[in-house]
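Now for the letters of each chain:
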Amino acid sequence: VKSSGFRYRLSSHMHNNEVKNFINKHKSDKTKYILISISWDEQMKFEVQSDRVRGGPLSNDNEFNNLKKYVKQLDDFALKTKKIKFILASKKAVDWENYIKSEFLDLRTFEELGFTLSQTIFIIQELSDVTLNWPSTFSIWMTNCKNIIHLTWHDDKDTAKWTRNDLHKQPVKNLLAKLGLI
């Protein structure tokens, strides 16, 4: 069986003006969005299992530190150029807000914005150019989206087969070049 991507669609009553307006407000030809859905909840604000506070169910400090270095380089580029912006989308992505210094789009409490989970996934799909992943349910949902570059740390078990690559093991400049930013 060949694995290939798809695009989520919403029913007409879910693809309402609020969703359309939110996407239109944030979509820009000048900004590339990078989704971080990876858990980082050191104080266990939402996470109840101590082995899942950094990354997810398959914790690996070395791999998580590699991820943090990669994000730091992207964040430095964002601060210098304003050409990229992060999206935080998991409630368990608590500590990222203290690590990232550039401006980010916060969809972690999407209910407060008036969106359902399916609307939020659709919004993320429509805005994201890149996803940064770790094995999780969120990775299963997002890495099926075509027309997005997907980078997965630690294990590809929850990543759509067609998206698997080693771009996250290469210098950040390679991703930025793929995005047409350098």
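If you're wondering where the values come from, they're calculated on a predicted model, not measured in any experiment. (Residues numbered from 1 in each chain as written. Predicted model: local features only at pLDDT ≥ 70, side-chain atom pairs only at ≥ 80, totals over all residues. Heavy atoms only, no water.)

Details of the environment of H168
Selection rule: For helices the rule is a DSSP run of H or I covering at least 4 residues; for strands it is a run of E covering at least 2, with both sets numbered from the N terminus onward. Whenever a nitrogen or oxygen atom comes within 3.5 Å of another N or O atom, the pair is scored as a polar contact, on the condition that within protein one atom can donate a hydrogen and the other can accept it, and that pairs from neighbouring residues in sequence are kept only if both atoms are in side chains.
With respect to the helices and strands, the residue H168 is situated in the loop between β7 (149-152) and α6 (172-178). Distance in space between the C-alpha atoms of H168 and K101 is 21 Å, their sequence separation being 67 residues. There is a polar contact of 3.1 Å between the side chain of H168 and the backbone oxygen of T152.

Here we look at the side chain of S90
Note the cut-off: Only protein chains enter the calculation, and the probe is 1.4 Å; a residue is then buried if its accessible area is under 20% of its type maximum, exposed if over 50%, and partly exposed in between. Should any heavy atoms of two residues lie within 4.5 Å, those residues are counted as being in contact.
Inspection of the secondary structure puts S90 in the loop between β4 (84-88) and α3 (96-99). Classification of S90 as buried rests on a relative accessible area of 12%. Each residue touching S90, except ones within four places of it in the same chain, is listed here: S37, S39 and R108.

Remarks on helix α4 (residues 117-127)
An α-helix turns once per 3.6 residues; consequently, residues spaced three or four apart project the same way. Of all 11 residues making up α4, 8 are buried, and the element is well covered by its neighbours. Along α4, the residues classified as buried are Q119, T120, I121, F122, I123, I124, Q125 and L127. The inward-facing, buried residues of α4 abut α1 (17-26), β1 (32-36), β4, β5 (104-106), β6 (128-133) and α5 (137-142).

Notes on the packing of aromatic side chains
What counts here: Each pair of aromatic rings taken from Phe, Tyr and Trp, with Trp reduced to its six-membered ring, is defined by centres within 6.5 Å and is described as stacked if the planes are under 30 degrees apart, edge-to-face if over 60, and tilted in the remaining cases.
Overall, the coordinates contain 10 aromatic pairs when judged by the stated rule. Both rings, one in W40 and one in W96, keep their centres 4.8 Å apart while their planes meet at 70 degrees; by these two values the pair is edge-to-face. Pair noted here: W40 is in strand β2 (residues 39-40) and W96 is in helix α3, with a separation of 56 residues, a long-range link. By relative accessible area, which is 7% here, W40 ends up buried. You can call W96 buried: its relative accessible area is 0%. Pairwise contacts between aromatic rings join W40, F64, W96, Y99 and W134 into one cluster.

Limitation: the analysis is restricted to geometry and does not speak to function.
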